[in-house]
Amino acid sequence: AQTVTQSQPEMSVQEAETVTLSCTYDTSENNYYLFWYKQPPSRQMILVIRQEAYKQQNATENRFSVNFQKAAKSFSLKISDSQLGDTAMYFCAFMKPEVAQKLVFGQGTRLTINP
Amino acid sequence: SQTIHQWPATLVQPVGSPLSLECTVEGTSNPNLYWYRQAAGRGLQLLFYSVGIGQISSEVPQNLSASRPQDRQFILSSKKLLLSDSGFYLCAWLRRLAGGETQYFGPGTRLLVL
């Protein structure tokens, strides 16, 4: 079974700084998808970024980018020029391509952006 | 465009009472649908998923059940709630994109069992 580990329960940075959230996963699959979701105080789960394992190029979405290291099974999220609205829980998730397409989540990192 | 709805948004129920949470998706057909539960400050646990009408798979044995009476409707139920059923319940649907699939979530239901 796949597992996802986020080793940083909490992080705190100043506004406009860059912050990196860590995620490691364990799988024997060669083809899969990885995701970062953001959960603000409203608790709505919002997709931040996704990465296909077969792609070597790291995904980027505006201020959000990932460092995908397939051999090391590492998938970190970098937030540049952090904003107060980035304050949220961030969850790393793994999906194996199959009929069910289930997500396996890490335990989350609580990120606080301070003014 | 596709949207996903959940109701109620908040629910307070006594122990032993029944439960029915509803999730509906608009703008798509025959999506995979999912129910997750999130305890306070924790990650998401997959409870049920469905790949089609009447097709339900359970991930964790528990006091809950799920049904999919229509293509875009997914219902989470219980005959008798337990204190441990309290939590935040999220419904999600699977969107098929070029290059892969992605799950998108509804706004969630906060359930407090007293």
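Residues numbered from 1 in each chain as written. Chains lettered and ligands numbered in written order. Predicted model: local features only at pLDDT ≥ 70, side-chain atom pairs only at ≥ 80, totals over all residues. Heavy atoms only, no water.

### Description of the nonpolar core
Filter applied, for reference: Here, nonpolar core means buried Ala, Val, Leu, Ile, Met, Phe, Trp, Tyr and Cys residues that are tied together by side-chain atoms lying within 4.5 Å of each other. Burial here depends on accessible area, computed with a 1.4 Å probe over protein chains only, as a share of the maximum for the residue type. Under 20% is buried, over 50% is exposed, and the range in between is partly exposed. A run of H or I in DSSP becomes a helix once it reaches four residues, and a run of E becomes a strand once it reaches two; helices and strands are each numbered from the N terminus. The criterion used for residue contact is that any of the two residues' heavy atoms lie within 4.5 Å.
Membership of the largest hydrophobic core comes to 25 residues, with the highest contact counts inside it found for A:Tyr25, A:Trp36, A:Phe75, A:Leu77 and A:Tyr90. Secondary-structure elements contributing two or more residues to this core are strand E3 (19-21), strand E5 (33-39), strand E6 (46-52), strand E8 (64-69), strand E9 (74-79), strand E10 (88-95) and strand E12 (109-114) of chain A. With four residues, the single largest contributor to this core is E10(A). Excluding residues within four positions of it along the chain, A:Tyr25 makes contact with A:Thr3, A:Val4, A:Tyr32, A:Leu34, A:Phe68, A:Gln69, A:Lys70, A:Lys73, A:Ser74, A:Phe75 and A:Phe94. One finds A:Phe35, A:Ala93, B:Phe88 and B:Phe105 within the second-largest nonpolar core, a separate group that totals 21 residues.

### Some points on the confidence of the model for chain B
Reading predicted coordinates in detail is not appropriate for stretches of low pLDDT. Note the following rule: Confidence per residue, as judged by the predictor, is encoded in pLDDT with a range of 0 to 100.
Mean pLDDT over chain B stands at 93; residues scoring 70 or higher make up 98%. Within chain B, strand E2 (residues 10-13) of chain B carries the highest mean pLDDT (97), whereas strand E10 (residues 100-105) of chain B carries the lowest (90).

### Considering the interface of chain B and chain A
Defined as follows: Values labelled buried area give the accessible surface lost by two parts on being combined, using a 1.4 Å probe and summing over both. Salt bridge criterion: a side-chain nitrogen from Lys or Arg within 4 Å of a carboxyl oxygen from Asp or Glu. Polar contact is the term for a pair of N or O atoms within 3.5 Å; when the atoms are in protein, one must be able to donate a hydrogen and the other to accept it, and sequence-neighboring residues count only if both atoms are side-chain atoms.
Counting from both sides, the interface comprises 27 residues of chain B and, opposite them, 24 residues of chain A. Summed over both sides, the interface of chain B with chain A buries roughly 2,000 Å², with 49% coming from carbon and sulfur. Scanning the region where chain B abuts chain A turns up one salt bridge. Taking the shortest distance from any N to any O, the salt bridge between A:Lys102 and B:Glu59 comes out at 3.4 Å. Linking chain B with chain A are 15 residue pairs in polar contact (both at pLDDT 80 or more).

### Remarks on the pattern of salt bridges
One pass over the full model with this rule turns up nine salt bridges over all chains. The salt bridge partner of A:Glu52 is A:Arg50, with a shortest N-O separation of 2.4 Å. A single burial state applies to A:Glu52 and to A:Arg50, both of which are buried. Between B:Arg68 and B:Asp71 there is a salt bridge, with its nearest N and O atoms 3.5 Å apart. Residue class for B:Arg68 comes out buried when judged on its relative accessible area of 3%. Here the residues in one salt-bridge network are A:Glu29, A:Lys96 and A:Glu98, joined through shared partners.

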